[in-house]
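These are the residues of each chain, in order.
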Amino acid sequence: MLAMSKRLFSLRVKFFAVVAPLVLLAIASVFAIVEWIASERALRAMESKLERTLAIQSQVLADPLWNLAREQVELVADAILIDTDVVELMVRDERGLFLSSSRVDEVQGLQSGTVDIVFNDGGEPQVIGSLQVSLSGSRLIAERNERMIIAAVLAGVLLLAVIVAALVANGRTVGRPLARLLSAIQAIDAGGDRKPVDWSSRDEMGDVISAFNKMLAQQELHETKLEAARLELEDRVEQRTAELKLAREAAEAANEAKSSFLATMSHEIRTPLNGIIGMSNLLQGTKLNTEQRDYSATISAAADTLLTIINDILDFSKVEAGAIELEARPIDVAELVESSLDLVTSKAASQGIELANRISPDVPAGIIGDATRIKQVLMNLLNNAVKFTEHGEVVLTIERAKSGNNGRIGEGVPLRISVRDTGIGIPADRMDRLFKSFSQVDASTTRKYGGTGLGLAITKRLVELMGGEINVESEVGVGTEFSFTADFEIAPVPDREAKEQRLAALKDTSILVVDDNRTNRVILEEKLRQWGMYVASLGAPAEAVGTDPSNFDAIILDFKMPEMNGAELANRMREKWGDKLPPMLLFSSLGQVENEWRDEVERAGFAGTLTKPAKSNHLIDMLSRVISGELETGPQETTTGAANGEALDLQILLVDDNKINRKVGSKILAANGYGADVVASGAEAIEHVQKKSYDVVLMDIEMPEMDGLMATRLIREAIVPKQHPYIIALTANAMASERETYLKSGMDDYLSKPIDVDALLQALQGAKRFRETQAHEALA
Ligand code: ATP
Ligand code: MG
């Protein structure tokens, strides 16, 4: 609404207030002047009347007074008094008052005059007396009063006439157009039509209103134009939206095509790669001469590199396509750091670089995040640091980015995670290249250190995905520090209780480590001592045979040592010490347990196998189970050939449509002591599980006719829930590698191809635990 100030006085009242006193003053002064003139004139008429009366009557009185004719004098006096203005008259002779006559009631406004009465009989004129006449002012006053009344009435009428006239004129010329203008404005303001004001006059008001009307017309014109523009704009937006939609659909289609191309390509490359890696690993486990071993090691290394590159490219395109979704799960910070470092330990050791980590005490023990992706970031940074450092150290540090709350669960905490090295450094002018894809600081880098230049590009994007920021500081020849900061929510440490229980079981136990490699020994010793264990370590197997083992709760033996290997050593010790021997664990790199040593390994009766590099969790798990007697020990009676004590009691079905994969899979299983039935399709798998009770099904996902997911569903339907096998998805399909997808579809675990033997063995252990609880439940 139009904001109208509240009116105190209307224009009319103001006008009236100005005009009325002026008109009144003007009328009053006119009447005052007229009145003054009128009363002056009346006064003078009275004076002359008095003069004339005195002059005439004194002559008339001269004779009778001379003759002392009183009657005649009285007659004259009466005649004078006929004039109503005369109120008193006195005639005197030489002796005094001769006659006095008056109207007693009239005494107002007396004006009197006296003349001598002169007798003239032709001789000398003689003064014989005097005449005094007084005239009354009351007539004058009455007349004046009358005039005043008339004047007042006239003034009133005049005033009224002037005011009415003025008001009417004002109303006509100002009030009316103003009211119309106002009502027009109010109508517009209330959302009505923009009607022009109907008024024309050749004065200022007329000018104002015609200007107003003109303005309205212009506004209307503008509005029409505006409306037209709006409509046009709307049209254009609609058109653009349609175009954009088309473009988006095209882009989405292209993206989808790209994704599926990548998925297919990855699948296609991974499948043969699985064969190459698996077979060359197996090859290394057979009897080879030095030259052959070198060739197969080279094949293995090349295939590993190829796999890393494929993974990197896939990861990169996934990040680019925004296809990566971060998990949010509780992470054990210490575990994360350790397992990340584990992966570069051996490389650092072989280069003679110190690896260290520091977790600042105010960093929470548990955080929420995506462990895999954080580890991937750390891996990239650590790998680079080790790769580009010849001597010195690489330090991984986690600290608070800024001090703040004191770390209650559920609160956010900004963490700064950094990897510092004492390596070659990065020239300042090359910094900008760092995070670009496929770019390396120096073209010679590729030749000297290898790599694709994708690592940091992926790292940066992953960090950004976590809402963080990556930074780098470097000095050529001094070293480099990569760091990233991101906010994490504080969480309770996952599995902490179980882990603590297991650690408590290890505390104050003693252990003997036999390993010829000093670095390995040192790393292992440090870990074990950290958990409160007493450690004795020996570098020579011969020395170990002579050591009384009864003081130890467990023994860890390296497999590959000079003089004698771990299995031989174990058997020698068993021969010598018999029952005094505590449970033993075999520590070996995969593929090392060559076929020819199988018998030895079996006879030695290891309680379990540890693969290098040993992961803390796995180590704790194995040690606590061995020491608590959960894992059987002693000479094994069975002769089926196994390096692993647990290997024998699992019935495994391997399902894969690819011939090479079937071969690789069954060979790897066999090499680790597992027998397996092998089928080539989902339908066959269903048939098999119905005929025989399997503990584990290793299920390929992509198969013609019936895929792994469908086969899994049908198996679940066909078999009583309490007896269904543990199904592990096995796929080269890395694009859809989200574990969750498979777990949701009824799989129990997931492994990607090429098969990582370590992961496979762990998955099988999981299957075994699953079987045990199943059996337990069935009993209960
Ligand atoms: P990839 O990681 O894909 O195998 P890469 O390590 O060469 O290959 P990035 O990790 O992206 O690629 O690193 C890019 C380049 O940045 C490296 O080639 C190297 O020149 C330089 N760089 C990275 N980290 C360091 C470091 N710690 N010290 C010196 N230079 C480094
Ligand atoms: Mg790198």
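Predicted, not measured: the structure shown is a model, and the values here were computed from it.

**Some thoughts on the site of ligand 1**
Right, so step 1: Near ligand 1, the surroundings consist of 22 residues, among which Asn384, Asp421, Gln440, Thr452 and Leu456 are the closest.
Right, so step 2: Separating an oxygen atom of ligand 1 from a backbone N or O atom of Leu454 is a distance of 2.9 Å.
Right, so step 3: Contact between ligand 1 and Leu456: an oxygen atom at 2.7 Å from a main-chain N or O atom of the residue.
Right, so step 4: When ligand 1 is considered free in solution it has 590 Å² of accessible area, and contact with the protein chains removes 94% of it.
Right, so step 5: Every element with two or more residues in the shell around ligand 1 is listed here: helix 7 (371–387), helix 9 (455–465) and strand 11 (479–490).
Right, so step 6: Per-element tally for the shell around ligand 1: the top contributor is helix 7, with 3 residues.
Right, so step 7: Grouping the constituent residues of the shell around ligand 1 by class yields 9 nonpolar, 10 polar and 3 charged.

**A short note on the environment of Lys195**
Right, so step 1: Its place among the elements puts Lys195 in the loop between helix 3 (138–189) and helix 4 (204–284).
Right, so step 2: For the pair formed by Lys195 and Ala505, sequence separation is 310 residues and the distance between their alpha carbons is 95 Å.
Right, so step 3: When sequence neighbours within four positions are dropped, the list of residues in contact with Lys195 reads Ala184 and Leu216.

**Examining the nonpolar core**
Right, so step 1: Residues Leu382, Leu396 and Phe484 are the most contacted members of the largest nonpolar core, which totals 45 residues.
Right, so step 2: Listing elements by their share of this core, those giving two or more residues are helix 5 (290–320), helix 6 (333–351), helix 7, strand 8 (393–400), strand 9 (412–421), helix 9 and strand 11.
Right, so step 3: Ranked by residues supplied to this core, first place goes to helix 7 with 8 residues.
Right, so step 4: The residues contacting Leu396, other than those within four sequence positions of it, are Val337, Leu341, Ala356, Asn357, Arg358, Leu378, Leu382, Ile417, Ser418 and Val419.
Right, so step 5: With 24 residues, the next largest nonpolar core counts Met46, Val76, Ala77 and Ile117 among its residues.

**A few points about the packing of aromatic side chains**
Two numbers describe a pair of aromatic rings. These are the distance of the centres and the angle of the planes.
Right, so step 1: One pass over the structure, following the stated rule, counts 3 aromatic pairs.
Right, so step 2: Their ring planes at 5° and their centres at 4.1 Å tell us that Trp66 and Phe119 sit as a pair that is stacked. With Trp66 in helix 1 (residues 11–66) and Phe119 in strand 3 (residues 111–119), this residue pair connects regions lying 53 residues apart in the sequence.
Right, so step 3: Look at Phe119 and you get buried, because its relative accessible area is 9%.
Right, so step 4: Ring geometry for Tyr726 and Phe770: centres 5.1 Å apart, planes at 50°, overall tilted. Remark: Phe770 occurs in helix 20 (residues 757–779) and Tyr726 occurs in strand 20 (residues 726–731); sequence separation between them is 44 residues.
Right, so step 5: Note on Phe770: relative accessible area 21%, which makes it partly exposed.
Right, so step 6: One cation-aromatic arrangement involves Arg70 over Phe98; the distance from NZ or CZ to the ring centre is 4.7 Å.

**A look at a nonpolar patch on the surface**
Right, so step 1: Together, Ile33, Trp36 and Ile37 make up an exposed nonpolar region whose accessible area comes to about 350 Å².
Right, so step 2: Residue position: Ile37 is located in helix 1.

**Structural notes on the sheet that holds strand 2 (residues 96–102)**
Right, so step 1: One open sheet accounts for 4 strands, arranged 2-1-4-3; its pairing is antiparallel. The sheet is open, and its two borders are formed by strand 2 and strand 3, each paired with just one other strand. Averaged over all neighbouring strand pairs, the angle between strand axes comes to 15°, with direction disregarded.
Right, so step 2: Here strand 1 (residues 86–93) pairs with strand 2 via 6 bridges, running antiparallel. Looking across to strand 2, one finds that Glu88 is bridged to Ser102.
Right, so step 3: The strands touched by helix 1 within the sheet are strand 1, strand 2, strand 3 and strand 4 (126–135), with strand 3 carrying the most contacts at an inclination of about 35°.

**Section: helix 17 (residues 682–691)**
Each α-helix turn comprises 3.6 residues. Residues three or four places apart therefore point the same way.
Right, so step 1: Looking at helix 17, one finds that the buried residues are Gly682, Ala685, Ile686 and Val689. Take helix 17 and look down its axis: the buried residues cluster within an arc of 100°, on one side only.
Right, so step 2: On the buried face of helix 17, the contacting elements are strand 17 (652–655), strand 18 (676–679), strand 19 (696–700) and helix 18 (708–718).

**What about the packing of helix 7 against helix 9?**
Helix packing geometry: the angle between the two helix axes and the distance between the axes.
Right, so step 1: Packing of helix 7 against helix 9 brings their axes to within 9 Å, and their N-to-C directions diverge by 145°. Relative to helix 9, helix 7 is oriented so that their crossing is left-handed. Residues Arg373, Gln376, Val377, Asn380, Leu381 and Asn384 of helix 7 touch helix 9, and the partners they reach there are Gly455, Leu456, Ile458, Thr459, Leu462 and Val463.
Right, so step 2: Class assignment for the residues of the contact of helix 7 with helix 9 results in 6 nonpolar, 5 polar and 1 charged.

**Looking at the pattern of salt bridges**
Right, so step 1: Overall, the coordinates contain 30 salt bridges when judged by the stated rule.
Right, so step 2: One salt bridge connects Glu327 with Arg329, and the closest N-O pair in it is separated by 3.8 Å.
Right, so step 3: Among the residues examined, Glu327 registers a relative accessible area of 28% and is labelled partly exposed.
Right, so step 4: When its relative accessible area of 40% is taken as the criterion, Arg329 is described as partly exposed.
Right, so step 5: The partner of Lys460 in a salt bridge is Glu464, with the nearest N and O atoms 2.9 Å apart. Taken as a pair, Lys460 and Glu464 lie in helix 9 at a separation of 4 residues, close to a single helical turn.
Right, so step 6: A relative accessible area of 42% places Glu464 in the partly exposed class.

Calculation criteria
Residues numbered from 1 in each chain as written. Chains lettered and ligands numbered in written order. Predicted model: local features only at pLDDT ≥ 70, side-chain atom pairs only at ≥ 80, totals over all residues. Heavy atoms only, no water. Near = heavy atom within 4 Å. Polar contact = N/O pair within 3.5 Å; in protein donor to acceptor, adjacent residues only side chain to side chain. Areas by Shrake-Rupley, 256 points an atom, 1.4 Å probe, with all protein chains shown as cover. Helix = DSSP H or I, 4+ residues; strand = E, 2+ residues; numbered from the N terminus. Nonpolar A, V, L, I, M, F, W, Y, C, P; charged D, E, K, R; others polar. Contact = heavy atoms within 4.5 Å. Core = buried A, V, L, I, M, F, W, Y, C linked by side-chain atoms within 4.5 Å. Buried < 20%, exposed > 50% of the residue type's maximum accessible area, 1.4 Å probe, protein only. Phe/Tyr/Trp six-rings, centres within 6.5 Å; stacked < 30°, edge-to-face > 60°. Lys NZ or Arg CZ within 6 Å of the ring centre and 35° of its normal. Patch = residues over 30% accessible without salt bridge, like charges linked within 9 Å, V, L, I, M, F, W, Y side chains within 5 Å. Salt bridge = Lys/Arg side-chain N within 4 Å of Asp/Glu carboxyl O. Pairing = 2+ DSSP bridges. Axes fitted to C-alpha atoms, helices over the stretch in contact; angles between N-to-C directions. Arc of directions from axis to C-beta. Left-handed = near helix turned anticlockwise from the far one by under 90°.

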